[in-house]
Amino acid sequence: MPSYFLGVAIAFLEPVLHGWCNILDSYFANKLFPRLTTLIFFGSVVGVVLLPVVYFIDPPQWVPTWAFGLIFLIALIEVGYSYPYYWALKHTDTSIVTSLFSIGRIFVPILAFFIVDERLTYIQYAGFGLIVLAATLLNFDPKKFRFNPALFLMVGVCCILAIETITYKYVFEHGVTWGSLVVVEALFEFAIAAVLMVITGALSSLRRDLAMVRGHWRLLGLNYVLGWGGNLGDSFAVSLLPVSVARGIGSTQALFVLGYALLTRKHFPKIFKEHLSGNDVRKKSALFVSMVVGTLLVVLGGVG
């Protein structure tokens, strides 16, 4: 039982830290970096630079040969999902894009049932249903009778992230330690991003992009460190909790994004892409709170 609640506490690192990352990602994608590949490459570099921290938390061990292919798949997904995610941030509010990650929560328990034989209670499934319903209502425009265009981009993102999550759990359950996975994954991500820099021709604008980095290095550094910390918390939580519970906790992320915008937008108006009129805030708050209720059902439904 103590390890369960420890895992819950660690799992909340993802929405707390990644909430700020979503805000900064939107700022970078919309206002600073015309080439998304460069932004992704810089993130992979930071991930490699920060690897010594992993040695203090969980010294890596030898990774069995069979696991390299699966870890490469995880790294490929981490790099690949970034493109539709950044495109979605160009279409709508940051908190709405963030909430769309919740659509993918429905895929996780289904895949977990078939791949790692993980079963949830009826209460937990009800929680997931509430999360998905709230995210759907948030992104539906009744006047135009259509969903936000970002929805379709993020559904694709959620599908591949669900596969990534189950792959994480499978690798952990078959003896690969957390520290070992993080190190190999970071190296693969760097290699993939470097190849993309060459294939997409992003190297031609690298000098200009480096000048952009020098002008905004504090924000970029903060974003990459927060993102890295959120990823570590997420993967560590998956090693301690049922994968569906860890993903359910991540559904609170949109609420953190909205809260950060309300609290700090006056101080940093340029970095936020968020509608904060009275009606917008009330609608978002009600639906985000519904997601929190769903998350509580997922978390507390696993106790016992």
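### Focus: the overall build of the chain
(1) Moving on: If you tally the helices and strands in the chain, you get 16 helices and two strands.
(2) Moving on: A globule of 304 residues ought to have a C-alpha radius of gyration of about 19 Å, and the chain, at 19 Å, matches this closely.
(3) Moving on: Out of the 304 residues in the chain, the part that is buried amounts to 51%.
(4) Moving on: Long-range pairs, those at least 24 residues apart, make up 88% of the contacts in the chain with a sequence separation of at least 6.

### A word on empty space enclosed by the protein
Any empty space left between atoms is shown by rolling a water-sized probe over those atoms.
(1) Moving on: By the definition in use, this model includes one cavity of 30 Å³ or more.
(2) Moving on: In this structure, the largest cavity occupies an estimated 1,000 Å³ of space.
(3) Moving on: Together, 42 residues line the largest cavity, and His-18, Glu-78, Tyr-81, Gly-227 and Asn-231 are the ones closest to its centre.
(4) Moving on: Of the residues forming the lining of the largest cavity, the biggest block, eight residues, is contributed by helix H13 (residues 217–240).
(5) Moving on: Among the residues forming the lining of the largest cavity, the class breakdown is 20 nonpolar, 13 polar and nine charged.

### Brief notes about the packing of helix H2 (residues 13–32) against helix H15 (residues 253–264)
For any two helices packed against each other, the geometry is given by the interaxial angle and the distance between the axes.
(1) Moving on: Put simply, H2 and H15 touch, their axes get as near as 8 Å, and they point 60° apart. Considering the angle they form, H2 stands oblique to H15. Here the hand of the crossing between H2 and H15 comes out right-handed. Two secondary-structure elements touch here, H2 through Glu-14, Pro-15, Val-16, His-18, Gly-19, Trp-20, Asn-22 and Ile-23 and H15 through Gln-253, Phe-256, Val-257, Tyr-260 and Thr-264.
(2) Moving on: For the contact of H2 with H15, the class distribution of residues is seven nonpolar, five polar and one charged.

### Side note on helix H6 (residues 82–89)
(1) Moving on: With seven of eight residues buried, H6 is to be regarded as a mostly interior element.
(2) Moving on: For H6, the set of buried residues is Ser-82, Tyr-83, Pro-84, Tyr-85, Tyr-86, Ala-88 and Leu-89.
(3) Moving on: Where H6 is buried, its residues meet H2, helix H3 (36–49), helix H5 (65–80), helix H7 (94–99), helix H10 (150–173) and helix H11 (178–199).

### As for the confidence of the model for the chain
(1) Moving on: When the pLDDT values of the chain are averaged, the result is 83; 91% of them are 70 or greater.
(2) Moving on: Per-residue pLDDT, averaged within each element of the chain, yields its smallest value for helix H8 (residues 107–115) (67) and its largest for H5 (95).

### Notes on the pattern of salt bridges
One side chain can pair with another of opposite charge once the charged atoms of both are near each other.
(1) Moving on: Counted according to the given criterion, the structure contains two salt bridges.
(2) Moving on: In this structure, Lys-284 engages Asp-93 in a salt bridge whose closest nitrogen and oxygen atoms are separated by 2.6 Å. One end of the pair, Lys-284, is in helix H16 (residues 278–300); the other, Asp-93, is in the loop between H6 and H7, with 191 residues separating them in the sequence. Comparing Lys-284 with Asp-93 shows no difference in burial state: the two are buried.
(3) Moving on: Residues joined by salt bridges that share partners form a network here, namely Asp-93, Glu-274 and Lys-284.

### Overview of the environment of Glu-185
(1) Moving on: With respect to the element layout, Glu-185 can be found in helix H11.
(2) Moving on: Look at Glu-185 and you get buried, because its relative accessible area is 7%.
(3) Moving on: Considering only alpha carbons, one finds Glu-185 and Glu-78, 107 residues apart in sequence, at a separation of 9.3 Å.
(4) Moving on: With residues near it in sequence (within four places) discarded, Glu-185 still touches Ile-71, Ile-74, Ala-75, Glu-78 and Tyr-168.

### Re the side chain of Glu-274
(1) Moving on: Within the fold, Glu-274 resides in the loop between H15 and H16.
(2) Moving on: Its relative accessible area of 5% is what places Glu-274 among the buried residues.
(3) Moving on: A distance of 2.7 Å separates the side chain of Glu-274 from the side chain of Lys-284, its partner in a polar contact.
(4) Moving on: The residues touching Glu-274, leaving out its near neighbours within four places in the chain, are Asp-93, Thr-94, Ser-95, Val-257, Leu-258, Ala-261, Arg-265 and Lys-284.

### Side note on the nonpolar core
(1) Moving on: By size, the foremost hydrophobic cluster in this structure holds 40 residues, and its most contacted members are Phe-28, Phe-33, Leu-39, Tyr-85, Tyr-86, Phe-101 and Met-154.
(2) Moving on: Per-element tally for this core: the top contributor is H2, with six residues.
(3) Moving on: Not counting the four nearest positions on each side in its chain, Phe-28 is found in contact with Phe-33, Leu-39, Leu-219, Leu-220 and Asn-223.
(4) Moving on: Core analysis: the second largest hydrophobic core is formed by 35 residues, Val-63, Leu-181, Ala-186 and Val-238 among them.

### A look at the packing of H10 against H11
(1) Moving on: One way to put it is that H10 packs onto H11 with a least axis distance of 10 Å and a crossing angle of 130°. By the angle between their directions, the pair H10 and H11 is classed as oblique. Where H10 crosses over H11, the two elements pack in a sense that is right-handed. Here H10 contributes Tyr-168, Val-171 and Phe-172 to the contact with H11, which in turn contributes Trp-178, Leu-181 and Glu-185.
(2) Moving on: Across the contact of H10 with H11, the residue classes break down as five nonpolar, no polar and one charged.

Rules of the game
Residues numbered from 1 in each chain as written. Predicted model: local features only at pLDDT ≥ 70, side-chain atom pairs only at ≥ 80, totals over all residues. Heavy atoms only, no water. Helix = DSSP H or I, 4+ residues; strand = E, 2+ residues; numbered from the N terminus. Rg over C-alpha atoms; globule rule 2.2 N^0.38 Å. Buried < 20%, exposed > 50% of the residue type's maximum accessible area, 1.4 Å probe, protein only. Contact = heavy atoms within 4.5 Å. 1 Å grid on protein atoms, 1.4 Å probe; cavity = no way out; pocket = protein on both sides within 12 Å on 5 of 7 lines; lining within 4 Å. Points joined across faces, edges and corners; volume = space filled by probe spheres on them. Nonpolar A, V, L, I, M, F, W, Y, C, P; charged D, E, K, R; others polar. Axes fitted to C-alpha atoms, helices over the stretch in contact; angles between N-to-C directions. Parallel < 35°, antiparallel > 145°, perpendicular 65-115°, else oblique. Left-handed = near helix turned anticlockwise from the far one by under 90°. pLDDT = per-residue confidence, 0-100. Salt bridge = Lys/Arg side-chain N within 4 Å of Asp/Glu carboxyl O. Polar contact = N/O pair within 3.5 Å; in protein donor to acceptor, adjacent residues only side chain to side chain. Core = buried A, V, L, I, M, F, W, Y, C linked by side-chain atoms within 4.5 Å.

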